[in-house]
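# Tertiary structure, described
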Amino acid sequence: MKEIIVKIRNFLLKHCGNKQVCTLIRGLISYEMISYIFFGLGTSVVDYVVFSAITAVGCDELISNVISTICAIIFAYITNKLWVFKSRTSSFSAILREFIKFTNARIVTLIMTEIILLISKMIGGNPYIAKAISMVLTIVLNYIFSKLFIFNKRKGTQNENKETE
């Protein structure tokens, strides 16, 4: 899969004359970005299916959202750690710190989603549409948080990643 992505990116870069567009292509057509989108969609499916199922049986959408977010956080952490950002943390303490940072970022987007759902509920809106809108914002924000604060590969985090149990 990685080879296909590289070939497509190289083809586009070869035929691109604009430096700004080339920079955009390098950022958007990368293994990491394609993987994030793929697993982000998977996380969204987990989140939306669990939310819809729990809401359909009569649970309040705010409670359904919390439960579906917990399921999505677990799925997203595993896929982001292993396949998207390829985190090399291996000791229990390093994995726990990484998971806590990941969860804290997700709590921020959970609060945002709860606010969107609450506003939708107050104005008589459709909770499924409100959830879908919040999911788009969540995907973008979660990538930024993951890239900059959780799975970053700066020198300061290399020692943490090399810890042994």
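These lines cover the structure that appears in this document, whether it is placed above or below. (Residues numbered from 1 in each chain as written. Predicted model: local features only at pLDDT ≥ 70, side-chain atom pairs only at ≥ 80, totals over all residues. Heavy atoms only, no water.)

What follows covers helix α3 (residues 31–56). Given a rise of 1.5 Å per residue, 26 residues ought to cover 38 Å, and the 37 Å separating the end C-alpha atoms of α3 matches this to within 8%. Just beyond α3, the residue with positive phi is Gly58, at close to 105°. (Helix = DSSP H or I, 4+ residues; strand = E, 2+ residues; numbered from the N terminus. Expected span 1.5 Å × (residues − 1).)

Further remarks concern the pattern of salt bridges. Counted according to the given criterion, the structure contains four salt bridges. Taking the shortest distance from any N to any O, the salt bridge between Lys131 and Asp47 comes out at 3.0 Å. One end of the pair, Lys131, is in helix α6 (residues 127–150); the other, Asp47, is in helix α3, with 84 residues separating them in the sequence. For the pair Lys131 and Asp47, one class covers both residues: buried. (Salt bridge = Lys/Arg side-chain N within 4 Å of Asp/Glu carboxyl O. Buried < 20%, exposed > 50% of the residue type's maximum accessible area, 1.4 Å probe, protein only.)

Let's shift gears to a nonpolar patch on the surface. Where nonpolar side chains cluster on the molecular surface, the patch consists of Ile107, Ile111, Ile115, Leu118, Ile119, Met122 and Ile123 and spans about 710 Å² of accessible area. Within the fold, Met122 resides in helix α5 (residues 92–122). Exposure remark for Met122: the relative accessible area of 66% places this residue in the exposed category. (Patch = residues over 30% accessible without salt bridge, like charges linked within 9 Å, V, L, I, M, F, W, Y side chains within 5 Å. Areas by Shrake-Rupley, 256 points an atom, 1.4 Å probe, with all protein chains shown as cover.)

Turning our attention to the environment of Val108. Here Val108 lies in helix α5. Taking the relative accessible area as the measure of exposure, Val108 reaches 45% and is therefore partly exposed. Sequence separation between Val108 and Leu141 is 33 residues, and the spatial gap between their C-alpha atoms is 9.3 Å.

In terms of nonpolar packing, the biggest core is built from 14 residues, with Tyr36, Val84, Phe85, Phe102, Tyr143, Ile150 and Phe151 touching the most fellow members. Elements represented by at least two residues in this core include exactly α3, α4 (61–84), α5 and α6. If you tally residues by element for this core, the top one is α4, at four residues. The contacts of Phe102, once residues within four sequence positions are left out, are Ile73, Ala76, Tyr77, Asn80, Ser146, Ile150 and Phe151. (Core = buried A, V, L, I, M, F, W, Y, C linked by side-chain atoms within 4.5 Å. Contact = heavy atoms within 4.5 Å.)

So, on to unusual backbone geometry. Phi at Lys86 takes a positive value of approximately 50°, unusual for a residue other than glycine. Within the fold, Lys86 resides in the loop between α4 and α5. Exposure remark for Lys86: the relative accessible area of 38% places this residue in the partly exposed category.

Turning our attention to the packing of aromatic side chains. For the coordinates displayed, the defined rule picks out 14 aromatic pairs. A ring pair is formed by Phe38 and Phe39, whose centres lie 5.0 Å apart and whose planes are at 80°; its orientation type is edge-to-face. The exposure class of Phe38 is exposed, given its relative accessible area of 56%. In textbook terms, an aromatic cluster arises when at least three aromatic residues are bridged by ring pairs, as seen for Tyr36, Tyr77, Phe85, Phe99, Phe102, Tyr143 and Phe151. Its end group placed over the ring of Phe51, Lys131 keeps NZ or CZ at 5.3 Å from the ring centre. (Phe/Tyr/Trp six-rings, centres within 6.5 Å; stacked < 30°, edge-to-face > 60°. Lys NZ or Arg CZ within 6 Å of the ring centre and 35° of its normal.)

Further remarks concern the environment of Leu12. Position of Leu12 among the secondary structure elements: in helix α1 (residues 2–14). Sequence separation of Leu12 and Ile29 is 17 residues, and the distance between their C-alpha atoms is 9.5 Å. Beyond its immediate stretch of four places on either side in the chain, Leu12 contacts Ile25 and Ile29.

Running from amino to carboxyl end, α4 crosses α5 at an angle of 145°, the nearest separation of the two axes being 9 Å. Relative to α5, α4 is oriented so that their crossing is right-handed. In contact with Glu61, Leu62, Asn65, Val66, Thr69, Ile73, Ala76, Tyr77, Asn80 and Lys81 of α4, α5 contributes Ile95, Glu98, Phe99, Phe102, Thr103, Arg106, Leu110, Thr113, Glu114, Leu117, Leu118 and Lys121. The class makeup of the residues in the contact of α4 with α5 is 11 nonpolar, five polar and six charged. (Axes fitted to C-alpha atoms, helices over the stretch in contact; angles between N-to-C directions. Left-handed = near helix turned anticlockwise from the far one by under 90°. Nonpolar A, V, L, I, M, F, W, Y, C, P; charged D, E, K, R; others polar.)

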